[in-house]
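# A closer look at the structure
Next come the chains, spelled out residue by residue.
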Amino acid sequence: MKFDRNKTYALALGGGGVRGAYEIGVWRALIEENINIKSVCGTSIGAVNGALVAQKDFKKAIKLWTEITPETIYNKDSNMVDRIRDISKLEEILRANLDEEKIRKSDIDFGVVTFNLTTLEPIIIFKEDMPKGKMIDYILASANYPIFYRQEIDEEVFVDGGVYDNLPRGPLADRGYKDIIEVDINPPLSNITKKKVADDVTVHTIISKHTLYGQFLFNSKQLKENINKGYLDTKLYNDEYLSSHYYVKRPMNGYDISLKPRDISRLIMDDRFSNFFISDKRIKSYIEFINDYYKDKNGYDYGDIPIRDERFFMAALEITADVVGLEPIKEYSYEEFRLEIIREVNELILNEEKISSLLDGGIFNLAMSADMNFEKKTLLSLLIFASNRSSLIESILYTTSPKITIAFITSFIIMNRLNYDDFSLMPKIINKEKADF
């Protein structure tokens with residue numbers, strides 16, 4: 001676990017339009033983990049969400065984000081220009097749902113970032129410095145996207161704080177907070193504008209593993225999906241999963257999933273892998289590929305993972321899941337994750353007749369076949385059967401497709417574990433016959 005329940009944290013919420021739903025998912029995970037948030041500073045939509053955090057009203061936040069539609073934000077009776085630029089309906093929503101007095105009395109510090117176009121200077125303002133009755137005005141000023149009509153406060157004109165600092169960890173560090181959780185929903189802008197902090201400040205960055213869609217796409221399904229992504233990514237960051245890309249819980253009963261000597265022995269003794277094991281350079285490159293895959297999105301920076309480490313085999317399983325097309329935005333038990341991969345691989349094996357007939361026509365006819373869709377899953381099928389029939393295709397895939405090759409080897413391991421070690425799983429492969437790899 002990366003977060004310490006005995007510490008207090010400051011929360012920096014970035015701008016990014018309706019991608020802000022992701023931040024609500026992060027908040028949900030922090031609540032479940034009893035992480036103590038002492039301060040929140042937001043830019044743009046992050047200012048809106050930050051106010052809800054300071055108000056301690058998670059239920060209201062969920063309601064707002066799951067019920068929002070274009071009609072609730074834009075006036076459909078306006079002309080096209082006003083429909084886009086006029087945010088008076090957004091102001092109505094904020095004034096109806098944000099309680100300035102409650103936020104002021106909250107033990108959670110609250111601030112926003114905006115930019116004053118009248119004085120041409122950034123404004124970083126926390127609740128104690130906001131004039132009474134002006135808090136929502138400053139939130140709207142922070143969220144004043146450049147295409148909107150300008151927000152005015154006391155005859156001064158403001159624009160979205162993202163033009164100065166889209167991910168406001170700097171203001172929190174300046175207030176003395178040493179442990180900061182930042183939620184980045186617009187990395188390209190954040191990377192340009194976010195401020196450096198002192199070396200003694202620890203910053204935990206929660207960032208989406210998957211697309212968050214457009215900043216102004218008010219699609220109910222996508223908004224709910226983004227909330228779920230924020231929730232799952234925060235749990236992933238906090239080491240609640242053994243995985244790095246998918247969301248896979250640790251095995252039950254202390255089950256050790258790591259590569260075993262018998263897994264390696266079975267590979268070596270199988271003639272289909274003879275061409276693979278003749279090249280030490282190739283083996284080393286695939287080990288590096290799995291390590292890089294794990295590090296790519298998990299923030300792991302403590303050196304390479306030994307091949308006998310559970311995380312190494314989990315990364316190989318995740319690569320296989322990606323190749324066979326498992327749903328990525330879902331929480332899996334390890335047992336469920338493994339079973340879903342086995343089902344998909346079993347489906348490929350049972351499709352032997354079609355793939356074999358294509359292979360028998362030779363590599364040229366295979367490449368020209370109208371029946372072939374060269375997606376990852378199909379390439380895995382080819383490698384499964386080419387290992388018995390076509391050394392040329394096998395060699396090409398070994399050389400050019402490390403992800404497909406790793407999925408092939410991992411499929412062999414889990415299917416052999418099924419056949420020799422975990423035969424009790426076979427009844428759970430619904431409506432499928434047992435297939436020999």
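Being a predicted model, the structure only gives us computed values, none of them experimental.

Next up on the list: the pattern of salt bridges. According to the stated counting rule, one finds 24 salt bridges in the structure shown. Here the salt bridges do not stand alone but share partners, grouping Glu91, Arg95 and Asp137 into one network.

What follows deals with the packing of helix H15 (residues 310-324) against helix H16 (residues 334-349). Relative orientation of the contacting elements H15 and H16 amounts to 45°, with a least axis distance of 10 Å. On the basis of their axis angle, the class for H15 and H16 is oblique. Considering the relative orientation of H15 and H16, their crossing is left-handed. Residues Met314, Leu317, Glu318, Thr320, Ala321 and Val324 of H15 pack against Tyr334, Phe337, Ile341, Glu344, Val345 and Leu348 of H16. Residues belonging to the contact of H15 with H16 are distributed by class as follows: nine nonpolar, one polar and two charged.

Next up on the list: unusual backbone geometry. A positive phi is found at Lys56, a non-glycine position, where the angle reads about 60°. When you line up the elements, Lys56 lands in the loop between helix H2 (45-55) and helix H3 (58-67). One non-glycine residue, Asp239, lies in positive phi territory at about 60°. Tracing the backbone shows Asp239 in the loop between helix H11 (220-237) and strand E9 (247-248). For Asp239, a relative accessible area of 29% corresponds to the partly exposed category.

In this section: the packing of H2 against H3. With their axes 9 Å apart at the nearest point, H2 and H3 run at an angle of 145° to one another. In this structure, H2 contributes Ile45, Asn49, Leu52 and Gln55 to the contact, and H3 contributes Lys60, Ala61, Leu64 and Trp65. Partitioned by chemical class, the residues of the contact of H2 with H3 number five nonpolar, two polar and one charged.

A word on the UniProt feature "short sequence motif: GXGXXG" (unreviewed entry) in the chain. UniProt annotation of "short sequence motif: GXGXXG" (unreviewed entry) refers to residues 15-20 when read in the numbering used here. Secondary structure content for residues 15-20 is 0% helix and 0% strand, while the C-alpha to C-alpha distance between its ends is 7 Å.

Turning our attention to the pairing of strand E3 (residues 109-116). Among the eight residues that make up E3, eight are buried, leaving the element largely enclosed by the rest of the structure. Taking every second residue as pointing to the same face, both faces of E3 are buried, with Asp109, Gly111, Val113 and Phe115 on one and Phe110, Val112, Thr114 and Asn116 on the other. The pairing of strand E2 (residues 36-43) with E3 spans five bridges and is classified as parallel. Each bridged residue has a counterpart across the sheet, and for Cys41 the counterpart in E3 is Gly111. Taken together, the six bridges between E3 and strand E4 (residues 121-126) define a ladder with antiparallel strand orientation. Each residue of the ladder has a partner; that of Gly111, found in E4, is Phe126.

Moving on, we come to H16. With 16 residues, H16 should reach 22 Å at 1.5 Å per residue; the first-to-last C-alpha distance of 23 Å fits that figure. Restricting attention to buried positions, one finds in H16 the residues Tyr334, Phe337, Arg338, Leu339, Ile341, Ile342, Val345, Asn346, Leu348 and Ile349.

For the rest of this paragraph, the subject is the nonpolar core. Leu11, Phe110, Ile139 and Ile181 are the most contacted members of the largest nonpolar core, which has 55 residues in total. When residues in this core are grouped by element, the largest group, seven residues, is from H2.

This part takes up the side chain of Thr114. Examined against the element boundaries, Thr114 turns out to sit in strand E3. Side-chain polar atoms of Thr114 contact the backbone oxygen of Ala141, separated by 3.0 Å. From its side chain, Thr114 meets the backbone oxygen of Val159 in a polar contact 2.9 Å long. In this structure Thr114 touches Pro122, Ile123, Ala141, Ser142, Phe158, Val159 and Gly161, once residues within four positions along its chain are discounted.

What counts and how
Residues numbered from 1 in each chain as written. Predicted model: local features only at pLDDT ≥ 70, side-chain atom pairs only at ≥ 80, totals over all residues. Heavy atoms only, no water. Salt bridge = Lys/Arg side-chain N within 4 Å of Asp/Glu carboxyl O. Axes fitted to C-alpha atoms, helices over the stretch in contact; angles between N-to-C directions. Helix = DSSP H or I, 4+ residues; strand = E, 2+ residues; numbered from the N terminus. Parallel < 35°, antiparallel > 145°, perpendicular 65-115°, else oblique. Left-handed = near helix turned anticlockwise from the far one by under 90°. Contact = heavy atoms within 4.5 Å. Nonpolar A, V, L, I, M, F, W, Y, C, P; charged D, E, K, R; others polar. Buried < 20%, exposed > 50% of the residue type's maximum accessible area, 1.4 Å probe, protein only. UniProt positions renumbered as here; feature names shortened; annotations may be inferred. Pairing = 2+ DSSP bridges. Expected span 1.5 Å × (residues − 1). Core = buried A, V, L, I, M, F, W, Y, C linked by side-chain atoms within 4.5 Å. Polar contact = N/O pair within 3.5 Å; in protein donor to acceptor, adjacent residues only side chain to side chain.

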